[in-house]
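One letter stands for each residue in the lines below.
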Amino acid sequence: MADTLTGPAHQAPDAVPEFPMPRESRCPFDPPPALKELQGQGPLAKVRLWDGSESWLVTRYAEQRALLGDPRVSADTDQPGYPTKASPQAGEGKLSFIMMDDPEHARLRRMVTGPFAVKKVEALRPAVQRIVDGLIDDMLAGPAPVDLVDAFALPIPSLVICELLGVPYDDHELFQENTKTMVRTTATPEERGAASREVAGYLAALLGKRIAEPKDDLLSSLAGRVTAGELDHGQATEMALLLLIAGHETTANMIALGTLALLRHPDQFKLLRESDDPKFVAGAVEELLRYLHITHLGRRRAVTEDIEIAGQVIKAGEGVIMVNEIGNRDPEVFADPDRLDLTRDARRHVAFGFGVHQCLGQPLARMELQVVYGTLYKRIPTLKLAAPMEDVRFKNDAFIYGVHELPVSW
Amino acid sequence: MTVGSPAPAHTTNPMHEEGNPAMKVELEADKCVASGQCVLAAMDVFDQDDDGIAILLEEQVGEDRLDDVREAVAVCPAAAIRLVDQ
Ligand code: HEM
Ligand code: SF4
């Protein structure tokens, strides 16, 4: 692919653009226009990060998947050249296997994949349906407008992951508030560290209880590994922390941002509201995952051995950022990529990442979203935004994209 | 598209398939990261064990299942699935 030779990588150093770039405020669902422009120029570009360092930006789907599947790229934030998202992540400690490489990554990940298998998750569908129906009953019984994030989007995944892990939902304020701090890019390292330590301390104590008195939940299975000497207490706590954090902010943002996107695309909203076909709803979930790509700011890795790709050599010790949000808008893979089209086959999107770190909770996230998108708009067909669009605050300052609140009425 | 697991070139030859209704599915379980994607793509061909690791329900797939198994090959994040002629 010789087109990289004309790409920004070969411009003067002062022309290296800064990453992340701002979104266009009138198009809150679209990736930053500057990213699309770089994608049009070639699969690789050099960018400058918050700390002045340079990293490779990988803009096209094929190259993103190739690199995310390559064992010479490392997810270890301590590797030389690792492109950090904000001021040192060291203050927060490591977030278990999401920041490790194989074989240790695989060893730890396999300890917790069991409950997320497709059929095990499918068995939870009736319980999730009850949660969703109950929250909708409550909203309909209460006053409008209501903040959909608080009343609906956040409780669903939070309740579900708490149930799976065996964390009492009554304590949700402790981890919901702290998670918000942990994913806010503008929080200081000290603030993020303190938030993470508070939740970790809470989980460590709970783990201690399960070691003494096991129950039938994921935390108890981690406790069993500690007793068996396969994990130490700290490792098990970190894994529980990773699952708790990854399990609720993400899905919650998909629910709220997805609803806003549908309200702004009434024809698509109508399709979903009127469909009784679970297959269509499942396809709609994939398309919304592709289109919204809430895990913006890229999958980040350090290269540990020289890699030749797209006519370039990425050297050991350099950073690579796979910006999946534009991989999902790559016209080579998705026709008319900037259109939200619930009828398209979007299954090959990279919203869950790719390679060995691909989202472990994806069957659960999919099922939750299928229940939500398949229920909410049917039960509240007149759902509408209860504030001017200009007033909706988007999470441009968070590692996970979404809306801070979503006032709705009906 | 040439992304996804590197399938042997001859498996992509549609002429070949026409005279050959069944193909063999190969799964490298030690590469599997338990994403569940193959199960979603072809539930009658793939399942998962107690740890979420993929298992094959069928090794030979007929013409009618090829599209779904090809989708599984394409979406597998770990390049653990292959479709081969026999
Ligand atoms: C719509 C919702 C979700 C989205 C968009 C999402 C997205 C992602 C992405 C992009 C990654 C890859 C990170 C990387 O490569 O650096 C990831 C990893 C992960 N996700 Fe999710 N996720 C979602 C829901 C969940 C849920 C419900 C859980 C449940 C516990 C979960 C647990 C995890 C874990 C543990 C990892 C790390 C996997 C590893 O490093 O091997 N996620 N997720
Ligand atoms: S798609 Fe690949 S990684 Fe995922 S469960 Fe199937 S074989 Fe394993």
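Described in the following lines is the structure provided in the data block. What you see is a predicted model; the values in this text were computed from it and never measured.

What counts and what doesn't
- Residues numbered from 1 in each chain as written.
- Chains lettered and ligands numbered in written order.
- Predicted model: local features only at pLDDT ≥ 70, side-chain atom pairs only at ≥ 80, totals over all residues.
- Heavy atoms only, no water.
- Core = buried A, V, L, I, M, F, W, Y, C linked by side-chain atoms within 4.5 Å.
- Buried < 20%, exposed > 50% of the residue type's maximum accessible area, 1.4 Å probe, protein only.
- Helix = DSSP H or I, 4+ residues; strand = E, 2+ residues; numbered from the N terminus.
- Contact = heavy atoms within 4.5 Å.
- Near = heavy atom within 4 Å.
- Polar contact = N/O pair within 3.5 Å; in protein donor to acceptor, adjacent residues only side chain to side chain.
- Nonpolar A, V, L, I, M, F, W, Y, C, P; charged D, E, K, R; others polar.
- Buried area = accessible area lost by both parts, 1.4 Å probe.
- Salt bridge = Lys/Arg side-chain N within 4 Å of Asp/Glu carboxyl O.
- Donors = N, O, S within 2.8 Å, 3.2 Å for Na, K, Ca; no water.
- Pairing = 2+ DSSP bridges.

1. Some thoughts on the nonpolar core
Part 1 of the reasoning: By size, the foremost hydrophobic cluster in this structure holds 95 residues, and its most contacted members are A:Phe152, A:Val167, A:Leu272, A:Leu292, A:Tyr373, A:Leu376 and A:Val403.
Part 2 of the reasoning: It is helix H11 (residues 233-263) of chain A that contributes the most residues to this core, 16 residues altogether.
Part 3 of the reasoning: Once residues lying within four places of it in the same chain are set aside, the contact partners of A:Val403 are A:Val149, A:Asn253, A:Ala256, A:Leu257, A:Leu260, A:Val392, A:Arg393, A:Phe394 and A:Lys395.
Part 4 of the reasoning: Listed in part, the 24 residues of the second largest apolar core include A:Val118, B:Val25, B:Ala41 and B:Ala80.

2. With respect to the environment of A:Ala34
Part 1 of the reasoning: Within the secondary structure, A:Ala34 is located in helix H1 (residues 33-41).
Part 2 of the reasoning: Residues A:Ala34 and A:Pro20, 14 residues apart in the sequence, show an inter-C-alpha distance of 9.6 Å.

3. Overview of the site of ligand 1
Residue and element names in this part refer to chain A.
Part 1 of the reasoning: Around ligand 1, a shell composed of 26 residues is seen, among which His 105, Arg 109, Arg 301, His 357 and Cys 359 lie nearest.
Part 2 of the reasoning: Residue Ala 246 places a main-chain N or O atom 3.5 Å away from a nitrogen atom belonging to ligand 1.
Part 3 of the reasoning: Mapped onto the shell around ligand 1, the elements with two or more residues apiece are helix H3 (104-112), H11 and strand S5 (299-303).
Part 4 of the reasoning: Of the residues forming the shell around ligand 1, the biggest block, seven residues, is contributed by H11.
Part 5 of the reasoning: Counted by class, the shell around ligand 1 contains 15 nonpolar, eight polar and three charged residues.

4. A closer look at the interface of chain A and chain B
Part 1 of the reasoning: Opposite the 22 residues of chain A that make contact, chain B presents 27 residues.
Part 2 of the reasoning: Across the chain A/chain B interface, buried area totals approximately 2,100 Å², and carbon plus sulfur atoms make up 51% of it.
Part 3 of the reasoning: At the junction of chain A and chain B, the tally comes to four salt bridges.
Part 4 of the reasoning: Between B:Glu71 and A:Arg348 there is a salt bridge whose closest N-O contact spans 3.0 Å.
Part 5 of the reasoning: The tally of links from chain A across to chain B stands at 14 residue pairs in polar contact (both at pLDDT 80 or more).
Part 6 of the reasoning: Sorting the residues of the side of chain A that touches chain B by element identifies helix H2 (61-68), H3, helix H4 (118-122) and helix H15 (362-379) of chain A as the ones contributing at least two each.
Part 7 of the reasoning: A per-class count over the side of chain A that touches chain B returns eight nonpolar, five polar and nine charged.

5. Structural notes on the coordination of the iron atom of ligand 1
Part 1 of the reasoning: There is one protein donor for the iron atom of ligand 1, namely A:Cys359 (SG), at 2.3 Å.
Part 2 of the reasoning: Along the chain, A:Cys359 turns up in the loop between helix H14 (324-327) and H15.

6. What about the sheet that holds strand S3 (residues 73-74) of chain A?
Residue and element names in this part refer to chain A.
Part 1 of the reasoning: Spatially, the five strands line up as an open sheet ordered S1-S2-S8-S5-S3, and their pairing is mixed. The open sheet has two edge strands, strand S1 (44-48) and S3, and neither has a second partner.
Part 2 of the reasoning: When S1 meets strand S2 (residues 54-58), the two strands line up antiparallel, connected through five bridges. Bridging across to S2, Arg 48 finds its partner in Glu 54.

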